[in-house]
Amino acid sequence: MPGPAGDGGAASAGRDDAHKGADVPRDADAVLDAEFFLRWMDALARAVDREAARLTELDAAIGDADHGANMRRGFAAVTAALGKDAPDTPGAVLMLTGRRLISTVGGASGPLYGTLLRRAGKALGDEAAVSRAQLAEALRAGTAAVARLGGAKAGDKTMLDALEPAAAALEESFAAARQAAEDGAAATVPMLARKGRASYLGERSIGHRDPGAASSALLIGTLEETAR
Ligand SMILES: [Mg+2]
């Protein structure tokens, strides 16, 4: 396929000035190709593996202590699926990732992350490369789908508290998105949980970081790392 997806040098965001020519996309910012998305999902799978114990610890405080194990199992399946038959567009990478998470992760996080990534992947369509602005728009669409599925909104102490500000900040930069996700996850500590298992605890949910917001910060943090 012609275009930046076949051009390994253009896989990193914002530094492909050496590649001016016939294969430069019309939108010169559209440098995030399938290879970039594959590297992002690989970095995320490694981060989830590394942080699984911490995610489970957070879930033990206000949930059922399975978030780390669930996410690790899901992303191991994602790594296997993407390694076996790597999709050749950004949208297809996210949609396959979402499908694997839905089919392998128990509890609420599989359907929620699956919905986020499938909806974002659908929003990217079948373009060979997308811009940061297009990804920001896609993540906004995915985050809105998560909010509908969970019947939740920002401030309810869920993954949305990291994802919503991150998707908005991605309009500005990858670094701003990462900071927004980390700040958003930290902001869940004093919140009262209004959705999910943690809401059963009522006031006792206060004082703990939401595990879904913590794993969402890994999603956005590894995006920023991949774009460096
Ligand atoms: Mg759990």
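Residues numbered from 1 in each chain as written. Predicted model: local features only at pLDDT ≥ 70, side-chain atom pairs only at ≥ 80, totals over all residues.

- The protein chain is annotated in an unreviewed UniProt entry as Dihydroxyacetone kinase subunit L of Streptomyces pacificus.

### Description of the overall build of the protein chain
Piece 1. When helices and strands are counted, the protein chain shows eight helices and two strands.
Piece 2. In the protein chain, the succession of helices and strands from N to C terminus is β-α-α-α-α-β-α-α-α-α.
Piece 3. In the protein chain, which comprises 228 residues, the proportion classed as buried is 54%. (Helix = DSSP H or I, 4+ residues; strand = E, 2+ residues; numbered from the N terminus. Buried ≥ 20, exposed ≤ 12 C-beta atoms within 10 Å, placed from the backbone.)

### Let's talk about the packing of helix 1 (residues 34–62) against helix 2 (residues 67–84)
Piece 1. Running from N to C, helix 1 and helix 2 cross one another at 165°; their axes reach a closest spacing of 7 Å. Between helix 1 and helix 2, the angle falls in the class roughly antiparallel. Two packed elements cross with a definite hand, and for helix 1 against helix 2 that hand is left-handed. (Axes fitted to C-alpha atoms, helices over the stretch in contact; angles between N-to-C directions. Parallel < 35°, antiparallel > 145°, perpendicular 65-115°, else oblique. Left-handed = near helix turned anticlockwise from the far one by under 90°.)

### Looking at the nonpolar core
Piece 1. Formed by 60 residues in total, the largest nonpolar core has its most connected members in F37, M41, A162, A166 and A177.
Piece 2. In this structure, A166 is in contact with A177, A180, A181, G184 and I220, ignoring residues within four places of it in sequence. (Core = buried A, V, L, I, M, F, W, Y, C linked by C-beta atoms within 7 Å. Contact = placed C-beta atoms within 7 Å.)

### A short note on the environment of L139
Piece 1. Along the chain, the position of L139 falls in helix 5 (residues 132–150).
Piece 2. For L139 and R119, which are 20 residues apart along the polypeptide, the C-alpha to C-alpha distance reads 8.1 Å.
Piece 3. Leaving out residues up to four positions away in the same chain, L139 has contacts with A120, A167 and L170.

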